[in-house]
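Here is what each chain is made of, one letter per residue.
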Amino acid sequence: MNNLSKMNFRLQCLADFIALLLSFSISFFWRFKSPRIPIIGRGFYIPGAYANLLPAVVILYLMIAYFSLSRENYIHRSIGYEIASVTKTDVALVILMIVYFFFTRSSVLYSRAFIAFFGVLFWITDFLLRLLMRIVILPNRKKSAEQMIVIGDLETVKERLPVIDDPSDWRVHVCGIVITDQDMKGEYIDGTEVIANVSDMREVLQSAAADSVVLLPSKGQNIDAGSVSDMAPDLQTLKAGSGAAVASASAGAGSVAAPGSLGAKAGSGAAPGGYNIRELATFMHDCGKTVRVDFSQYEVIRDANFTLDRVGSCDVVTYSPVETPGIRYRIFKKIFDVVLSILLMPLLGIVWILSAIFLNIESKGPVIMSRVRVGKNGRRFNQYRFRVLRMDAEERIREGKNPKTVWGRFLSFSHLDRLPLILNVFLTDMSFVGPHAASLTRYLNYGSERRKNLCVTPGITGYWAFVKDENTIAHKERAYVTNWGYLKDIALLAEFLVRYISGTLPRKYDNGQIREEIRMIAIYEEEHEPLQYDHSFYQAPTGIGVSCYHFFKRLLDIVISLVAIIVLSPLFLVLMILVMGTDGGSPFYAHSRIGKNGRRIHVYKFRTMRTDAGDLKKLLTPKQLEQYQREFKIDNDPRITKIGNFLRRTSLDELPQLFNILGGSLSFVGPRPIVEEETHIYGKDIGKLLSVKPGLTGYWQAYARNNATYESGERQQMEMYYIEHASMGLDCKIVLKTFSSVAKETGAQ
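Residues numbered from 1 in each chain as written. Predicted model: local features only at pLDDT ≥ 70, side-chain atom pairs only at ≥ 80, totals over all residues. Heavy atoms only, no water.

The number of helices and strands found in the chain is 28 helices and 19 strands. Pairs at least 24 apart in sequence give 73% of the contacts found in the chain among residues at least 6 apart. When the accessible area of the chain is evaluated, it comes to approximately 37,400 Å², of which 60% is carbon and sulfur surface. (Helix = DSSP H or I, 4+ residues; strand = E, 2+ residues; numbered from the N terminus. Contact = heavy atoms within 4.5 Å. Areas by Shrake-Rupley, 256 points an atom, 1.4 Å probe, with all protein chains shown as cover.)

Here R593 lies in strand β16 (residues 588–594). The buried charged residue R593 lacks any salt bridge, with E678 as its nearest oppositely charged partner at 4.6 Å. Looking at R593, its side chain comes within polar contact range of the side chain of H591, at 3.0 Å. Here the side chain of R593 touches P673 through a polar contact of 2.6 Å, landing on its backbone oxygen. For R593, the contacting residues outside a window of four places in its chain are R599, R600, I601, V603, K605, P673, I674 and V675. (Buried < 20%, exposed > 50% of the residue type's maximum accessible area, 1.4 Å probe, protein only. Lys, Arg positive; Asp, Glu negative; His and termini not counted. Salt bridge = Lys/Arg side-chain N within 4 Å of Asp/Glu carboxyl O. Polar contact = N/O pair within 3.5 Å; in protein donor to acceptor, adjacent residues only side chain to side chain.)

So, on to the nonpolar core. Membership of the largest hydrophobic core comes to 44 residues, with the highest contact counts inside it found for L658 and Y722. In terms of residue count, helix α19 (residues 569–583) provides more of this core than any other element does, 5 residues in total. Excluding its chain neighbours within four sequence positions, the residues that come into contact with L658 are S561, A564, I565, L568, F572 and F668. Membership of the second largest hydrophobic core comes to 36 residues, among which are V322, I473, L492 and L505. (Core = buried A, V, L, I, M, F, W, Y, C linked by side-chain atoms within 4.5 Å.)

Residues of helix α11 (residues 406–414) that are buried include every one of W407, G408, L411, S412 and S414, and no others. Residue H415 follows α11 closely and has a positive phi angle near 65 degrees.

We now examine the pattern of salt bridges. Taken as a whole, this structure holds 22 salt bridges when the rule is applied. A salt bridge links K333 to D489, with the nearest nitrogen and oxygen atoms 2.6 Å apart. Placement of the pair is K333 in helix α9 (residues 327–362) and D489 in helix α16 (residues 486–502), with a sequence separation of 156 residues. Looking at K333, the relative accessible area reads 13%, which means it is buried. Put simply, D16, E82, D126 and R130 are held in one network by salt bridges that share partners.

The next thing to look at is the environment of K733. Position of K733 relative to the elements: it lies in helix α28 (residues 728–744). Separated by 34 residues in sequence, K733 and Y699 place their C-alpha atoms 9.1 Å apart.

Here Y710 is to be found in the loop between α26 (699–703) and α27 (714–725). Residue Y710 is classed as buried on the basis of its relative accessible area of 6%. Taking C-alpha positions, Y710 is 9.3 Å from E678, a pair spaced 32 residues apart along the chain.

This next bit is on a nonpolar patch on the surface. The grouping of F551, F552, L555, L556, I558, V559, I560, V563, I566, V567 and M728 at the surface amounts to a nonpolar patch, some 980 Å² of accessible area in total. The biggest single contributor to the nonpolar patch is helix α18 (residues 544–567), with 10 residues. (Patch = residues over 30% accessible without salt bridge, like charges linked within 9 Å, V, L, I, M, F, W, Y side chains within 5 Å.)

So, about a positive patch on the surface. On the surface, a cluster of positive charge is made up of R330, K334, K376 and R379. For R330, the location among the structural elements is in helix α9. (Charge placed at Lys NZ, Arg CZ, Asp CG, Glu CD.)

Moving on: the packing of aromatic side chains. By the definition in use, this model includes 24 aromatic pairs. Residues F101 and Y110 carry aromatic rings whose centres are separated by 4.9 Å and whose planes lie at 25 degrees to one another, so their mutual orientation is stacked. As far as the burial class goes, F101 and Y110 line up, both buried. A ring pair is formed by F496 and Y500, whose centres lie 6.3 Å apart and whose planes are at 20 degrees; its orientation type is stacked. On the criterion of helical spacing, the pair formed by F496 and Y500 is a turn pair, its members being 4 residues apart in helix α16. Using a relative accessible area of 16% as the deciding quantity, one classes F496 as buried. Within the aromatic cluster, the residues linked to one another by ring pairs are W352, F572, F588, F606 and F659. (Phe/Tyr/Trp six-rings, centres within 6.5 Å; stacked < 30°, edge-to-face > 60°.)

Of the strand pairs in this sheet, strand β12 (residues 368–374) and strand β13 (residues 380–386) are connected by 7 bridges, and their pairing is antiparallel. Directly across from S370, in β13, lies its bridge partner Y384. What sits between β12 and β13 in their antiparallel hairpin is a turn of 5 residues, with N377 showing a positive phi close to 55 degrees. (Pairing = 2+ DSSP bridges.)

The structure is reproduced here in C-alpha cells:
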C-alpha cells in the first residue's frame, strides 16, 4: 500500500470509527432510557452487557475495514459508490455481530431493537461523516496540502504535470513550475504559474513558500550509477497523482530522494535541461525541502506494475508481471486455504481409510499416487491423488478390460480421487482457487502469455475446471490473475460446488490421466522391486500356533492404528505446523526401507532434519561422515533441527508410521526397518531378519535403542533374539518397555 492509499484508508476508518461510537451510544440510550436496571428475563436485558459488546464490535469493524475498504480515490468517489461502500460495511458488521452472538451464546443478553436501530443509525451517520470529511478536505486542498514545485524542460513538464497534479491525490498541490530549457517566467501552464527559469531558480526556490520540489529528468538524461543511500537512509515510495512514479527519502528537516539508484550523472556537467540533478537535489536538501525525482523516463519495462523496494541494502525498482494484490487479500487467501484444508482433513482421512481397504482388496498397491506438476513461476511439486487404476492396468487395457478398480470408478465418477489435493493446499504448493497446475510436458509447450498466468499459486479449481477450450481458459485465467479478489475466489468455489452437486463438472478421469497413472504405476513397481537375496539360509516356522499369532497380531495392528490415528489427529496437526514452521519444508519424510520378504517400503516420519540434509559433505565433518558410513547414524547430528531433536528424543517423529501399520507394511512390534545398505551387515542372517514384518518398536528399540550398535554386534543379536522368541507375551512386554524407555529417553539420539 502506497502513502496515498494509507491516508485514504485512515480517513475512512476515522469517519467509520466516530460513526460507530456515536451510533452505539445513541442506540444504547434510546433503548435503555430508563435509569432503572431491569431484571434479566423475557423481554428484559442487562445494559451492563453492552460494555462487553462494544470492544467486540470495534474488533469486528477493524476486520471488515482491513479486508474490504477501498483505498483508492476517496475524495472524488461518486455518491453511488460511497453508498455501496457504506452499505457493504454496515451489512457486514451487523452479520458478524449476529455470528458473534451465536458462537458466544449471548443473544439473550441483547435487544433485537438495539441491533436494528444501531444498523440503521450507523449507516446514516457513517455516510454523512464520510461526505463531511470530503467536504472539509476538498476546499482546503490548496491551502493545507503539500505545496510542490515542478522542475523540468517544457516538453517533459507538459507531459507529466497532469499526472503529478492529479486531483485524486489530495495530499499535494503544484504551486509553481520551473522551466529549464526556456525563459517562460510569469507565464502559465495548465493554470500553474512558471515562477523561475534555469538562471535564477536557485534564488527563487530558496525563498519560495513550498514544501517540496519534483525533478523531472529529460528524455535521454544520464543517470548516476551511485546509490542514493549516501544522501538519505530511508527509501520510501510515493506515487504522486495517478501515475507519476517518484522516489523520496527523509533526511533532517527536509528530505532528498532518487529512484532507487537513480540520479543525474555526477561530474557530467549540466543535463540537457540545463541543470545537474544531483547538485540541485543536494542544494534543495540543504534548504530543508523535500526532493522527489521522477524516474518514469528510466523505466526498464514499459506499462508494467512497479514498486520501489530494497533487497538487502540495495535500492531496486520492482516490476511485477501482474498487479500485486494487497496484503489484506494475501492474508485472507492464505488463512482461508489453511483453515479450509484443516476442516477437510477428517473427510480426507475417512476416504483414505476406505480407499486403503477397498483398493488393496481388489488390487494391492499404493493408495495415493503422486505426479509432478508445475506450480507458481515454474516450481515443480508432487501433486497427490488417490489411485484409480489396478496395478495390472496396462495388461487389462491390452485385453480390452476395464483398467479401473471398482472403488476407483467411484472415486473418478465422484471426483473424490482429487481429494488428496488438500494436502498440496496445506503444504502451500496449491490454493483452492487459481490457474491450472500443468504437467511438465504441457508447461514446456506453453507460450509466454500462458506461462505468465502461473505467476500465482495454481488452484484445485478455477475457470479451467468449467471450460474445455484452451484459448478460453487462457483468457479467463489472465483475467483472474490480473484482477484478484477474495469475492471472486468465493464465487468460483460456489460455482464449483453447484456444478459438483448438479453433476455438471466437465472434466473427469480422461485417457490422458489414465496413461499418466499407468506410467506412475510402472515407476512405482520398478522402485519397489523386492530385494534379491538367498532365501535358502532360513525357513520361517509354520503351524497353527504361528498362523494364529500372525492373524491376531495383524487384527490388533489395524484396530489400534485406526483408533490412534483418529485420537491423535490434533497432535498430528500441531506437529505438522511446528515442523513446517522451522524452515517451510514438508512436514513428512518418506524413507525407503526393506520390509518383509525383501519388499521395498516407504516408512513415513515427521521430518526432523534440515531440507538440505542430503548434502553430507557440506554439513558433516570427515569424522561424522565416517561414522555415518559405518553406523548410518551420527552423534550430535548437525542436520537435525531443534524441533526435530525433540521429536527424536520423544520418538514422536515416528507417529506417521501409524499409517504404515494400517496399510500393512509395518507392525507395531518387530525388528527395526533397515535400509538396503544395512542388509550386508547381517550376512546370511538377512533371510531370518526379513522373514518377519518390521515394527514401529521392537526388542532393540525398547531395551537398548542407540546404546547397542552394529559395530559391537549387539543390535544384530537383539533382532535375532526377537525373531526366535516372537509371541504375544513378548510383544506386550516390548510395548510396555518402549513407553518406559521413551519417558526416560533411554538411548535417545
